[in-house]
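Below are the chains, spelled out letter by letter.
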Amino acid sequence: MTAPSWSHLKDLVRTIPDHPKNGILFRDITTLIADPVGLRSAVDGLLLPFLNEKIERVVGIEARGFILGGAVAHELGRGFVPIRKKGKLPWKTIGQDYALEYGVDRMEMHADAIAPGDRILLIDDLIATGGTAEAAVQLIRRSGGEVVAAAFVVDLPDLGGADKLRAAGVGVHSLIAFEGH
Ligand code: AMP
């Protein structure tokens, strides 16, 4: 089967210049997920390459990765694991610092959320520099999980995040790309 095109999704992404900082073109997917065809296409597009893969859990990154990752987990019939910003999860956590395109932060995952050997599909809305996804991969690997792939609706290839993930041994799947920052 030839890979389907998801380019129609680009028109549903709202671009906001200088948010949250000067020089950032913020790619807002709330307009895409508010559209019924947009949401369903995005979820279908994220999970299609993995229908025949052995996957134990879907991991989503706060906050937009929860919306998409939850839907992907539901459709695949698998459990969902959240990675959250520091201090939000109620049980024992493991944490990882990471650099954002616009700042530094720490993310956490429950220490018992992933069992050694679990095969994981990682989901977020967008990959830019790759710092966020790379930290999530580290958390999953520290728990003994194997990252089968990371899937994103939007790739900003000029920022190099997808290449960085591939260099770290993670398969990367994305639906649409925007040039520039
Ligand atoms: P990065 O760690 O640089 O790959 O950034 C990815 C994370 O930051 C994702 O969770 C995105 O939601 C968010 N993000 C980074 N840059 C942008 C952008 N230009 N537009 C929208 N979201 C972004």
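Our structure is the block above this text.
All values reported here derive from a predicted model rather than from experimental measurement.

Caption draft 1: Fine view of the overall build of the protein chain. When its secondary structure is counted, the protein chain shows five helices and nine strands. The C-alpha atoms of the protein chain give a radius of gyration of 15 Å, which matches the 16 Å a tight globule of 181 residues would have. On the principal axes, the C-alpha backbone points of the protein chain span a range of 40 × 40 × 30 Å. By the burial criterion, 46% of the 181 residues in the protein chain qualify as buried. In the protein chain, of all internal contacts separated by at least 6 residues, the share reaching a separation of at least 24 is 59%. Carbon and sulfur atoms form 51% of the exposed surface of the protein chain, whose accessible area is close to 8800 Å².

Caption draft 2: View of the sheet that holds strand E4 (residues 79–85). Judged by pairing direction, the sheet is mixed, and its seven strands sit side by side in the order E5-E6-E4-E3-E7-E8-E9 without closing on themselves. Looking at which strands have only one partner, the edges of the open sheet turn out to be strand E5 (93–100) and strand E9 (171–177). Neighbour-to-neighbour, the strand axes of the sheet open up by a mean angle of 25°, direction not taken into account. Strand direction decides the pairing type here: strand E3 (residues 57–61) and E4, joined by five bridges, are parallel. If you follow Val-59 over to E4, its bridge partner there is Val-81. The sheet contacts of helix H2 (residues 36–47) involve strand E7 (119–127), strand E8 (146–155) and E9, and relative to E9 the element is tilted by about 150°. Docked against the sheet, helix H4 (residues 131–142) engages E3, E4, E5, strand E6 (103–110), E7 and E8, running at close to 160° with respect to E5.

Caption draft 3: Focus on the pairing of E4. Running through helix H3 (residues 64–76), the crossover from E3 to the neighbouring parallel element E4 is right-handed. Relative to E6, E4 runs antiparallel, the two sharing two bridges. Looking across to E6, one finds that Lys-85 is bridged to Met-107.

Caption draft 4: Broad picture of the environment of Arg-141. Its location among the elements puts Arg-141 in helix H4. What makes Arg-141 partly exposed here is its relative accessible area of 38%. In this structure, the C-alpha to C-alpha distance between Arg-141 and Ile-120, residues 21 residues apart in sequence, is 9.8 Å. In contact with Arg-141, not counting residues within four places along its chain, are Ala-168, Gly-169 and Val-170.

Caption draft 5: Representation of the nonpolar core within the structure. In terms of nonpolar packing, the biggest core is built from 30 residues, with Leu-68, Val-72, Leu-121 and Val-153 touching the most fellow members. If you list the elements that add at least two residues to this core, you get helix H1 (30–33), H2, H3, E7, E8 and E9. Broken down by element, this core gets its largest block of residues, five residues, from E8. The contact partners of Val-153, leaving out residues within four places of it in the chain, are Leu-32, Ala-42, Leu-46, Leu-68, Asp-124, Asp-125, Ser-174, Leu-175 and Ile-176. Membership of the second largest hydrophobic core comes to 26 residues, among which are Met-107, Leu-122, Ala-162 and Leu-165.

Parameters and conventions
- Residues numbered from 1 in each chain as written.
- Predicted model: local features only at pLDDT ≥ 70, side-chain atom pairs only at ≥ 80, totals over all residues.
- Heavy atoms only, no water.
- Helix = DSSP H or I, 4+ residues; strand = E, 2+ residues; numbered from the N terminus.
- Rg over C-alpha atoms; globule rule 2.2 N^0.38 Å.
- Buried < 20%, exposed > 50% of the residue type's maximum accessible area, 1.4 Å probe, protein only.
- Contact = heavy atoms within 4.5 Å.
- Areas by Shrake-Rupley, 256 points an atom, 1.4 Å probe, with all protein chains shown as cover.
- Pairing = 2+ DSSP bridges.
- Axes fitted to C-alpha atoms, helices over the stretch in contact; angles between N-to-C directions.
- Right-handed = clockwise from strand over helix to strand, strands pointing away.
- Core = buried A, V, L, I, M, F, W, Y, C linked by side-chain atoms within 4.5 Å.

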